[in-house]
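Listed here are the chains, written in short residue letters.
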Amino acid sequence: DYWVHVMEKYGGALRLYELSSVSTSTIAHQFETIHVSDPRTLYHIIVKDQHIFQEPDLFTVSNKLIFGEGLTSTVREQHHRQCKLLNPIFSTSNMRQLLRILYPISNRLTFTLTAQLPVDGSHKEIDVLPWLSRCVLDSVCQGILGCPSSSLSKTEDDAYSEALWLMGPLIGKLMVAWLIVVPIMPYCFPSWFMRDVWELHHIVETVDSVNRTVFAEKKAAVEVDMLNSVNDVYGDGDSIPSMMDIMREFHRQVRHPCSSKHSKGNCALSNTEQLTDAKLLGQMSVMAFAGLDTTTSTLARCVYLLAQHPRSQARLRNEIHDAVNSSIHQNITSAELPYDVLMNLPFLDSIVKETLRLYLSCPFMSQKATKASTLPLQFPARSQSGAYTSSVAVPQGSLIIISILTANRHREMWGANANEWHPEWWHSSAPPSQAQDINASFSGEGAAPTSRQSVPGIKDGVWFPGIYSNMRFLITFLGGSRSCIGFKFAEMEIKQVLVTLILHLHVALLMEPNTTGYMKEIVWKLRVFHMPVVRPPAGDGMTLQVPLNVWSVREEDFKW
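Because the structure is predicted, anything quoted here is derived from the model rather than measured.

1. Remarks on the overall build of the protein
Reasoning step 1: Within the protein, the secondary structure is distributed over 19 helices and 12 strands.
Reasoning step 2: In the protein, buried positions account for 53% of the 560 residues.
Reasoning step 3: When contacts within the protein are restricted to residue pairs at least 6 apart in sequence, those whose partners lie at least 24 apart make up 71%.

Below you can see the structure in the form of structure tokens.
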């Protein structure tokens, strides 16, 4: 809320001067940080002039140390080559196959929660966060890594699961600590900082060891033709392929293009363009980490918002019920909707989009200007002199903070109620085809949309550079070459869990005080990602939890 207020007061480009690392003379010096949320400026940074901007060295180096040679540790041409090789893995046909892995996991989550409810049909307070987290972990392990995981059925986490849970909060702690440690680095390293670094090292080794074992097993299986059948790899046989299976098979086709009829497009790839085993391992580590905390945070927020808005929950339940009972899909089992049906449920799609707009997991991203430039502003911002300017000068070496949070709440783009959760406006908006191409928008060519209010997030033919047509006005997943490559899997996973959960269970906010006489109020704190805690004095403000009243769906729970 603070940054939303600041950007509304000063405009879509805010220049700050902050202390940087210690110089060679051991004197701290200042560097420029520019916080950006203006749509035209973001378009230039993310799309048009992306060759000028790249991730800061600290970001890429630390990601390489933690995850290996994945997408988050590469820049420019190397990053572009990896994206080119990985994008086919996230095709719609592959997502259809991966959805089959999510069916039993989401069903197990619903069964686990239902088993905790009283037999008389009354409600019970349940902290749903650990169960949602375990569900996402099983989805990541089985859907991405292809390794067995049944954390929903376990009372204790194994070493690998525990390491993945601890990694995100510890990285967040070290990010904050780094700002304190850097100025005193020439003199000493605080013992508490080194203990955290050592703990992170142990966590990284644990995750890397399991990933290497799974990778080696799958590689050996391919080499002995256990996974060499195209039918098995792409899900036409008895086995359901994980993302690693798909990636390994695709990689095999790249290395041996003559061995598969599916690999003609890869014949022209040179050895330098191919993904090595180390790079494939890096991709798996990044996807496992990014797919756990971000998806858990977004899924927990969706469930919380539906508890907060019972009419929206009932409306969604009716939509799911109608889809399940539709004569067209009467051969489906429970909430196991086909991929195309699941991804096109209008109100479910609106709920996910609106939650991703307003309550995104990662609110900021950073870029470094490799050369000086001047970026245009769609909405004039106040300069140091007090006058308004329509452009912002970016010196070489400046740090650009892409404020996704404030961009998604930009009142000029989203309206006066931009800070409120309203999934209905996505549901009633015109299709994206009515909006002009973004390149034409910023070059002044083409016609504006038929109605300025027909599509949320558009004003005067301008919108934020989103990731794809169905969510093109949201910058949550960024855009251009640095967009989130795994967004399709995350979106599908969130929707499948919500469909299964809401069809069978009703969630509601706690209305009774606890044993100490205080109401449990859930608030969300930023720890790398937004995570929920219970505000004191009812909670400690530190323990991650989402306590809600839960009961089996009743007839009245369909009324909205």
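2. Remarks on the pattern of salt bridges
Two side chains that carry opposite charge are able to pair once their charged atoms sit near each other.
Reasoning step 1: A complete count under the given rule lists 11 salt bridges for this structure.
Reasoning step 2: Lys495 serves as the salt-bridge partner of Asp349, at 2.7 Å between the closest nitrogen and oxygen. With Asp349 in helix α14 (residues 346-358) and Lys495 in helix α19 (residues 487-504), this pair connects stretches of sequence that are 146 residues apart. With respect to burial, Asp349 and Lys495 carry one shared label: buried.
Reasoning step 3: Across the salt bridge formed by Lys495 and Glu491, the nearest N and O atoms sit 3.2 Å from each other. Residue Lys495 and its partner Glu491 are located together in helix α19, separated by four residues, close to a single helical turn.
Reasoning step 4: Within this structure, Asp349, Lys353, Glu491 and Lys495 form a network of salt bridges that share partners.

3. Some points on the environment of Lys279
Reasoning step 1: Within the secondary structure, Lys279 sits in helix α11 (residues 277-308).
Reasoning step 2: C-alpha of Lys279 to C-alpha of Gly70: the two residues are 209 residues apart in sequence and 5.7 Å apart in space.

4. Comments concerning helix α3 (residues 57-67)
Reasoning step 1: When α3 is considered as a whole, its buried residues turn out to be Thr60, Asn63, Ile66 and Phe67. For α3, the arc enclosing every buried residue in end-on projection is 135°, short of the 170-degree limit, so these residues lie on one face.

5. Describing α14
Reasoning step 1: Helix length check: α14, at 13 residues, gives a terminal C-alpha distance of 18 Å against a target of 18 Å (1.5 Å per residue), a fit within 8%.
Reasoning step 2: Counting buried positions along α14 yields 12 of 13 residues, so the element is predominantly enclosed.
Reasoning step 3: Buried residues of α14: Phe347, Leu348, Asp349, Ser350, Ile351, Val352, Lys353, Glu354, Thr355, Leu356, Arg357 and Leu358, and no others.

Here is what the cut-offs are and how they apply
- Residues numbered from 1 in each chain as written.
- Predicted model: local features only at pLDDT ≥ 70, side-chain atom pairs only at ≥ 80, totals over all residues.
- Heavy atoms only, no water.
- Helix = DSSP H or I, 4+ residues; strand = E, 2+ residues; numbered from the N terminus.
- Buried < 20%, exposed > 50% of the residue type's maximum accessible area, 1.4 Å probe, protein only.
- Contact = heavy atoms within 4.5 Å.
- Salt bridge = Lys/Arg side-chain N within 4 Å of Asp/Glu carboxyl O.
- Arc of directions from axis to C-beta.
- Expected span 1.5 Å × (residues − 1).

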